[in-house]
Each structure stands twice: as structure tokens, then as C-alpha cells.
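Residue-level structural notes
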Amino acid sequence: MNRRRTKLPICQGRLKHLFLIALIFCLASVGAFAQDRLVSGQVTDKDGPLIGVNIVIKGETIGTITDFEGNYALKVGQGDAVTLQYKFIGYKTQEIIVGNQSQINVRLVAEVTELDELVVVGYGTMKKSDLTGAVEVIDTENLTKFPVSNVSSALEGRVSGVFVSSTAEPGASPNINIRGVGTINGNSTPLYVVDGVQLSDISGINPSDIESMQVLKDASSAAIYGSRAANGVIIVTTKSGKSGESKFTFNVETGVSAVASRLDMMDTRTYAQYTSEMVVNASTPLSPLTPPAWVNDESLMGINTDWQDLVFEMGKVTKADLALSGGSDHGSYRVSLGYITQEGTIADTGYDRLNLGVSTRQTKGILTLGLNSTLFFSNKQKNPITDKSMNIYQAAPQIQPYDPDNLNGLGKPTFDISGNNNFPNPLVGELWDQYRRTYGAIANLFSEIAITEPLKFRTDVNLNYQLDDRNFYNPKVDQGLAANLNPSQNGLNIRNNQQMNILIENYLKFNKEFGQHTVNGMVGNSVMSEQLIGMQINAVDLEEGTRVPQTGDIRTSYGSNQVYRQVSFLGRVNYNYDNRYLFTGSYRMDGSSRFKRDRRWSGFPSFSAGWKISEEKFMEDVNVFSNLKLRAGYGELGRQIGNAVAGLNSQIKYPFPTGDISGTAPLQIANDDLGWETVQQTNIGLDMGLFDDALTFTAEYFIRNSTDMLLKVNPGGYTGVRGQSWVNTGKLVNNGVELNLSYKAFNDNGWEHVISLNSTMIQNEIKDLPTTIGENGLANDASLLRTGEPIGAFYGYRREGINEITGKQMFRDLDGNGEVNADDREVLGSPHPTYFVGLNYSLRYNNFDFSIFVQGVGGHQLYNKTRLALENGAGYGNRLSYVLEQSWHPDRNPDSEFPIVSLNDNSAHKGISNSAVSDRWIEDADYIRLKNVQIGYTLPQALLDRWKLNSVRVFISGIDLFTITKYTGLDPSNISNPNGSFTIGYDGGTYPAVRSMTAGLQMAF
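Report on the accompanying structure.

Basis of the calculations
- Residues numbered from 1 in each chain as written.
- Predicted model: local features only at pLDDT ≥ 70, side-chain atom pairs only at ≥ 80, totals over all residues.
- Heavy atoms only, no water.
- Helix = DSSP H or I, 4+ residues; strand = E, 2+ residues; numbered from the N terminus.
- Buried < 20%, exposed > 50% of the residue type's maximum accessible area, 1.4 Å probe, protein only.
- Contact = heavy atoms within 4.5 Å.
- Areas by Shrake-Rupley, 256 points an atom, 1.4 Å probe, with all protein chains shown as cover.
- Expected span 1.5 Å × (residues − 1).
- Pairing = 2+ DSSP bridges.
- Axes fitted to C-alpha atoms, helices over the stretch in contact; angles between N-to-C directions.
- Salt bridge = Lys/Arg side-chain N within 4 Å of Asp/Glu carboxyl O.
- Polar contact = N/O pair within 3.5 Å; in protein donor to acceptor, adjacent residues only side chain to side chain.
- Core = buried A, V, L, I, M, F, W, Y, C linked by side-chain atoms within 4.5 Å.
- Phe/Tyr/Trp six-rings, centres within 6.5 Å; stacked < 30°, edge-to-face > 60°.

1. Considering the overall build of the protein
Looking only at helices and strands, the protein has 9 helices and 49 strands in total. Burial statistics for the protein: of 1005 residues in total, 52% are counted as buried. By sequence separation, contacts in the protein at least 24 residues apart represent 69% of the contacts at least 6 residues apart. Roughly 44,100 Å² of accessible area belongs to the protein as shown, and the carbon and sulfur atoms make up 54% of that amount.

Spelled out as C-alpha cells, the structure:
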């Protein structure tokens, strides 16, 4: 919050008097210090120069004040003990001994504590000291310390209770969970509220346009948003103009990145030895097998293509922002332009986005009109190899990467590669053209009428429009025996999706103080309409040189048009008695068209209370506490994903003797009983501030119950409908503890230290799930839904060593019946971190600044499908370099922990495959990562005055410089979820982690 700028209009009258006083001081001192020396400098705060700061010689009446640039000059005596005092209303007084200094620059610290800051909550603001719910204010300065396309990625490790899993792929949106995964349907994305506009994604927002961010973590603070707030709420307020002269800012940042780690794969000769031994070990007298001929072809042994060298490249990023802002007592404006371009570390991956932000506000009499808007265009380029990154590692090293005589100039297998037909030349992906272009508009138009001093009426018209255009073209390619790529056909897939969301809200705000009582709140209504229009067309064998589906064979084409509406009534009241006892209550009633009439409406109440212990009389003599507050709250939220109405599929082909006839059939079975998913949450918090808030501490305990969860299930073959239908079922519990600790230290020598630590401990457990839905019925590959376990618990076999005779992997016979089968599987771990921490330290000395940020995550496991594919010795395709050497062999390695390499994996011990899900592939994924290091320098004011600039800062940053982990995959932080919350924690070949270095320039004038 910009305290200095909000105070300037109030202080302008005082400045005139201060200038008169300074003039008297100067006249009185003329001739009195003929032998004195001159001390000069500049006084600033965290936002820039301060005007009218009073500088006096301690113990005397001689002094001066700063000018409009914050500069001052004062004659002082020759003694070494002369002390200057720097005083300004609303700031802490500083005293500095002059000594032999001739220039002294001072940075004042606001007297106003953070507890007096206004925090944006749903449909209003509150003093931070008056909050009774779990609301965390994010330091937006830290979010822009490195270039990100999506500001959500910068939240990683910054906020207690908020877990972020991101990837280095350009333009990718991160997965965010607030207080854990709260449902089994995969919808754990929080609600974003940007200037009143409700969004499910903020990838179109320029991080440099963000003024403030707050996270509403508990139900008592988020219930005012009702059915959209079950996963928590992140409120974003964009920057606006300030009263005063026009201000122009320019920021530019550029950097490079490289893949953080690579996998050591077999060379051609080792791969040939592996292939030969694998085939020989699978051969039997009844089924003799012969290794492919190429393993003995010496002409191939010297090729040794390193596909990682060819696919991975240096990534680049450039980000630039321009903004012009200003205003007066009656209005303000801000116009901004932002651009970011990224080139990924995998060839032909990239992201570009252009933003235009406009905000304006005008007040005349009792009426205020305003607009906050963002227009954006983004283009994401994708290499299909990122979805099949195993191809990079498994492709045969003896394939030449390029062949000018082949179609498209790429090399192809010219030998019998047997079962290796799924691993073509990885460079094929660079020939394909896959992009996603998004056009978006986010706008908030509002009017506010000040009916009386305590009563205001506000209307918001919010718009969220996005056009998503996806185009995927693959040319003809020739990869020889790689049968999954048809050399005679090209293909085109076009998808076009439009989303139009209009939200109109009217509400009355009131704020009244009488005696020791303060009451404020709001009451209003909300009407939302959302339209989703989709179209898709697939065609193959297009005419060369065209990308028009009609020139080829159109295989599928369909469209959809969905409209949802919601009507809401809401209200909230805040009560403060004597600045000691606090109460907040809210209620929202939502009606949704997604459900049948008798299940359409649901109410979401909440209440919370706070006790400011530090304001009690018995605490008057306890000077150590500047703040001590106890909080507790309860609230209910809802979730309305799903649809009670059955959709129709018009692409059905019915066979008749005369030919197929098109028809229509239900996509799923309608569920008349489908209703709201309900979330009930209790929160208890403690806030402490010690030594004038130099040391602050916050602790939260929460428990969240999700009941009647919305889940898609198979209807059963007897219905004749293949599509899954929505049902309400089960109960899920998340509970945990959040801790925040911060220490700030300032001294008179220009040193500033700030250190902050956040920590979260959390548990996730399914408390109730019908056995017809849970148990083994929904076990998907390695994941399980079962009562008493976390969502998506890893489920598989437990190893029991290697058979000394056959070299096969042995597995535990859990039920002791002498057989190993599916009944012997057990829970092997959880993909949900049970703790995560973030540590941030910043240091400032005069014009230099330094910051470092470290993140840690642990208590969870990942299913390392990358290692399964590259370490399992039962199939074609290249393998990790150590697989053959460390595998079981009666002579070479009889004591190995790795089973024998054998093409016939089905003959593994007791019929269980070596590649079956087992504790071999479920790994602990704890890690500590150095997320960011930055060093900056702000140019001296004397130099800026010469150039007529307000501020100039240069900096360099290192991002994700190293990771400490025992996890053997490429990136322990990239927890993918291919099918939503149910199957998270699968590392199936992700975009590799990167290390980055950036440099930047920030200017204001």
C-alpha cells in the first residue's frame, strides 16, 4: 500500500507552513555560521522522494526542509558530535551523527504500521488489524522479481497454505491448491477476482499491472463469493493513477535459461548390447528369438546421436512494460502496455503476450465513475514432443538426425528396429505447427453514489471474454518403420472456443461510527450469465500447400453452445467494539441453472470473531506486544461443477444395409438429484506483533470438510450410454497448520534487513466413499480412491528382492495364499506434500539491495514413470546408461537389486510384470530449491537530477539455480495431474526444469 501518496493531499496545507518555518530558520541563521560546512542529501521512503521533511540540528532550532525532489542542504558546525534529526508526519524520526560526512541520504520508514493498512476483501476493504478471517496479503514487489508469463507461478513458496506446482514450459498455467486438494473431481483451481471480475485463470493479466493481492484462505472470509469460492479466493487489484503530476515508468528485463539436468542414456554400442541380451534372455526352445541384425552392424556403432543435444536449446525471455499515470483530486488515469516473449528450452516452444491496460476514475459531486480494463493477445507455440518427451530419450541413438534425401530432410531408421516403431526421430515435432492464440478482454465498469456520508451505492458491470483459437497441423513425414506416423497423410485439427461471462452486481455499502461502536457492511445482489461456444474439426490428406479442411478428408466435426446463469443475493456486516472485540458475519444465496429447479438454490453462511488482547487494559504495561489478537471463524461454501442435464451427441453413425445413417444419442444420463457440493471449514488463528511489529508471527489451524462431492462415474454397460454422469458422493477432510514469521530491522547507518518464513503442514484423507465407487473400482494405473486414504494414493506391489535363479523381480504375497495377484497390492505413498516452506531474506544498504528466496517441499511421493520407461529392462527403445551394467546377470552381477533384462516381461515372477506399479517406481520427492537471488542498485539522486529522472534501478537475478533432492526424475516440483485431482503425482516425461539468469532496468520520470 502506498502510504506516502495517500498522505500527500492531506499534508499539502501543512507544507506551506513548513516552508514558512524553514524560511524563518534560514533568515535567522544568516551570518551565524560563516565558518560552518554544508551537508546535503536526499530523503526518500520506499516509494521515492519525500517532500517537506523537516531536518534540524539536534538541540538547536536551526534546520531546513526537503524540496519537491526530496533534496536538502544545511550548514552545520565543525564538531564531530553534530546530530541531524529527520522528522516527517507519519514517519519515524531518524537521528544521524554527521561526523565527517558531507552527503547524507536518508530513507524514512512509515510510522503507520502494517496493521493500519487497508486490505481488499470481498466487496470492500478492511483494516488489516480488524480482520477476523484467514486473509494473507502478498508482497507484490516479490512477485515481479523474475519474469513470469503468469503471476500465479510467482506465488510458489510465497504464501502459507498455498501450494503451486508449475512447469518451465512457456505459457503453461500452474496448478494451485489453497489448503490442499478439496475434492475428488479434479476442480481445485481457486477463484480469481480481478478488480471485481471473477476468473478461473489470470494468465492474461500482466504482473506489472498488479497493485495488490490477497488470498482468502478460509470459508469465513471467502463465503461472500458463495459457490465459486470452495477452493479459496485470490483477489487482485490492478494499479491506478494517483493524484499529482503525470508519471511515466519503463521496465525492461531479459534473460536466458538452460535445462537444469539431463539424463545419461546409452550410446549405440551399449544399446546394441542391451537389445541383444534382452532378446536372448527371452528366448526359449519353444519360442526361439534372434536379436535384430543391426546390433552386429559395425557401421552403425559410431553414429551415437545425442537427441537431447538436438532438441534442447538455450531459452530466452524478454519482458518490457510502459505505463503513464496521473490524476487530480477529481479523477485519475493510468495507461499501460506490456509485452513478454519466451523461447523455451525445447526447440519450437514459445510464448508471446501483449497487454493493454486502461484504468480511469472520475468524481463529480456525489457520483464516481470508473473503468478498469485489460486487453490481451497471446500466442503459445508448442512442439508435440513436449507431450511425448519420452521420445527424446528412447529414440534409437543410431538414427542419423538429418537426411537430405528423405522427405522433409530428416533421418529415419534404415534398419529393422523390431518393436521400436513408437520412437521416431524426435526432430519430427519441429515440422509440426501447433499454436494456441488467445484474444481476451477483462473489464470492470463501475459507478458509485455517495448517498450520505456513511451510505454508498455501487453498481459493477464486469466482462470476461476470451476467444481461444487452436490450430494443429502435421505434414507428411517418412519415418520408415515408425508406423505411428503415416508417410502418406498430413493432418489438420482446428479448435475454436469462445467464453463470454457477464456479471452485474448492485450493492449498498454502509460505514458508521458511534461512540465505541463501529459498524460497516454491504448488502446486494448479483446476476451472472456465462456462454461457452465450441467448435472442432479434424481432417487428413489435405492438398499440399493448403490448410483448409475442405480440401481433404474431414473425419470429425462438431460444435457446442452452452449457457449457464446464476442469481445471487449477498450481505455482510462487520462490528468493532472499542477496537477490542470484532465480529464479521456474511450470507450468500446462489441459484444455478446447472441444477434442476428443486435443487437449484443453496445458502452459504459464515461468521468469525476476533479479540484484540493487546488493546485490553491489563496489557497496558506489557510493552513487548504491539499486537496480540485471537481469531476464530466458520463458514460454508459450495461447488457447482457438473450438469444435471444430459447432453446430446449428433455424430452417431447407425449401420444400415444401405449404409451408415447419422443420428443422435445421449452423451450421459441425466441426474435429477444432482445438487451442490458442500464445503464446511473452521479456522482458528493467532496474530502477534512484538517490539513495534519488528517481529510478527501468525498461526492458523484449519479443518475443511467436503461432502456430497461431485464426481463423474460410469453408468454401466446396460444403459447403452458410454459417457460418464455426475453424482454427489463421499466426504473428504483436509486439516493443517500454517505459520508465518517475519522480522524487520532498520538502523541509522542505512542498513535494512527483512526476513520472512512461511510454513504449512497439511493432511488429506477420504473419510467416506461408497465401495461401489471407491475401493479398487477406480484404481487408475497407480492411483486409488479409498476411505481412510488420501486422494489418489499410490497403489501397487511391494518388492521382495530378486530371485537368485531366474533374476526375476519378486513381490510380496500380502494375503499369504501362495499367489501374487491384484489382491496383493497395497498403498505405497501419497502424492500430496504434507509440508512446504518458503524463506525470503532481503537486505538494503544505501543504494544497494539484495534478496534471496528458498523453497522446500516434502512428505510426499511421485510415480516416476520416466524412470519406469527408461530403467525397465523389458522393451525396445534406448535406456539409461547404467541399466545393462546394473541388471541381474548370473555371472556379471548376481547380487543386483535390478531384475534381469528380458523382452518377455510377462514371464516375470509369478506372472507380475517387472514394469507393474510397485515401490520401485514410487519415489520420495522431497526437495529444497533456491528459487531466486537478486542484486540491485539504484542510481544516486544527484545523477538522476542531472538527467531529470525520478528513479533508475538496475538488477541481475538468478532463478531456480539449484535443487537438493533424492528424487531421480527431471523435476520433483512438476506434479502433473493428467486426469485431475484423482491422478496427481505422475511424472510421465515432463518439460524439463531450467536454470535462468536475467538482468533488468527500472525507470520512472
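2. Examining helix α4 (residues 268-282)
The first and last C-alpha atoms of α4 sit 21 Å apart over 15 residues, in line with the 21 Å expected at 1.5 Å per residue. Here α4 has its buried residues at Thr268, Tyr271, Ala272, Tyr274, Thr275, Glu277, Met278, Val279 and Ala282. For α4, the secondary structure elements touched by its buried residues are α8 (883-886).

3. What about the sheet that holds strand β11 (residues 135-138)?
Strand order in the open sheet made by the 5 strands is β11-β16-β17-β14-β15, with mixed pairing throughout. The open sheet has two edge strands with one neighbour each: β11 and β15 (197-199). Mean inter-strand twist for the sheet, computed between neighbouring axes without regard to direction, equals 20°. Sheet topology places strand β14 (residues 191-194) next to strand β17 (residues 233-238); 4 bridges connect them, and they run parallel. Each bridged residue has a counterpart across the sheet, and for Val193 the counterpart in β17 is Ile235.

4. Considering the pattern of salt bridges
According to the stated counting rule, one finds 41 salt bridges in the structure shown. Between Arg269 and Glu298 there is a salt bridge; the shortest N-O distance is 3.0 Å. Here Glu298 lies in the loop between α4 and α5 (307-311) and Arg269 lies in helix α4, a separation of 29 residues in the sequence. Judged by its relative accessible area of 39%, Arg269 falls in the partly exposed class. Note on Glu298: relative accessible area 52%, which makes it exposed. What you see here is one network of salt bridges that share partners, running through Glu136, Arg179, Lys217 and Glu738.

5. Focus on the environment of Arg572
Its location among the elements puts Arg572 in strand β27 (residues 553-577). Look at Arg572 and you get buried, because its relative accessible area is 11%. Put simply, Arg572 and Gly524 are 48 residues apart on the chain and 9.4 Å apart in space, counted from C-alpha to C-alpha. Those residues in contact with Arg572 that lie beyond four places of it in its chain are Val121, Gly122, Tyr123, Gly124, Ile224, Phe510, Asn520, Gly521, Met522, Thr584, Gly585 and Ser586. There is a polar contact of 2.5 Å between the side chain of Arg572 and the backbone oxygen of Gly122.

6. Quick word on the nonpolar core
With 38 residues, the main nonpolar core has Tyr274 and Tyr393 as its most contacted residues. The dominant element in this core, judged by the number of residues it contributes, is α4, at 5 residues. Apart from residues no more than four positions distant in its own chain, Tyr274 is found in contact with Met266, Asn872, Gly873, Ala874, Gly875, Gly877, Arg879, Val883, Leu884 and Val901. Grouped together as the second largest cluster of nonpolar side chains are 24 residues, Val162, Leu199, Ile210 and Val215 included.

7. Points about the pairing of strand β34 (residues 695-713)
Residues in a regular strand point their side chains to alternate faces of the sheet. Pairing of strand β33 (residues 677-690) with β34, which is carried by 13 bridges, proceeds in the antiparallel orientation. Among the inter-strand pairings, Gly689 is bridged to a residue of β34, identified as Thr696. The turn linking β33 back onto β34 is made up of 4 residues, and Phe691 within it adopts a positive phi angle of 55°. As defined by bridge partners, β34 adjoins strand β35 (residues 725-746) across 18 bridges and the pair is classed as antiparallel.

8. Things to note about the packing of aromatic side chains
Following the criterion strictly, the structure yields 18 aromatic pairs and no others. Arranged with centres 6.1 Å apart and planes meeting at 5°, the rings of Tyr577 and Tyr581 form a pair that is stacked. Taking the relative accessible area as the measure of exposure, Tyr577 reaches 24% and is therefore partly exposed. On the basis of relative accessibility, which here comes to 34%, the residue Tyr581 falls in the partly exposed class.

9. Re the side chain of Asn150
Along the chain, the position of Asn150 falls in the loop between α2 (140-143) and β12 (162-165). Residue classification places Asn150 among the buried residues on the basis of a relative accessible area of 2%. Polar contacts involving the side chain of Asn150 include one to the main-chain amide nitrogen of Ser152, which spans 2.9 Å. With residues near it in sequence (within four places) discarded, Asn150 still touches Ser173, Pro174, Asp201, Ile202 and Ser203.

10. Considering the sheet that holds strand β4 (residues 63-65)
Taken in spatial order, the 4 strands of this open sheet run β4-β3-β6-β7, and their pairing is antiparallel. Of all the strands in the sheet, the pair left with one neighbour each is β4 and β7 (94-97). Each strand of the sheet is rotated relative to its neighbour by a mean of 20°, with strand direction disregarded. Note that strand β3 (residues 54-57) and strand β6 (residues 83-87) share 4 bridges and pair antiparallel. If you follow Asn54 over to β6, its bridge partner there is Lys87.

11. A word on unusual backbone geometry
Of note, Asp692 is a non-glycine position whose phi angle comes to about 55°, a positive value. With respect to the helices and strands, Asp692 occurs in the loop between β33 and β34. One non-glycine residue with positive phi stands out, namely Asn846, at about 50°.

12. As for the environment of Leu739
By the element assignment, Leu739 lies in strand β35. Put simply, Leu739 and Ala699 are 40 residues apart on the chain and 4.6 Å apart in space, counted from C-alpha to C-alpha. Every residue in contact with Leu739, bar those within four places of it in the chain, is listed here: Ser160, Phe697, Thr698, Ala699, Leu757, Asn758, Ser759 and Met761.

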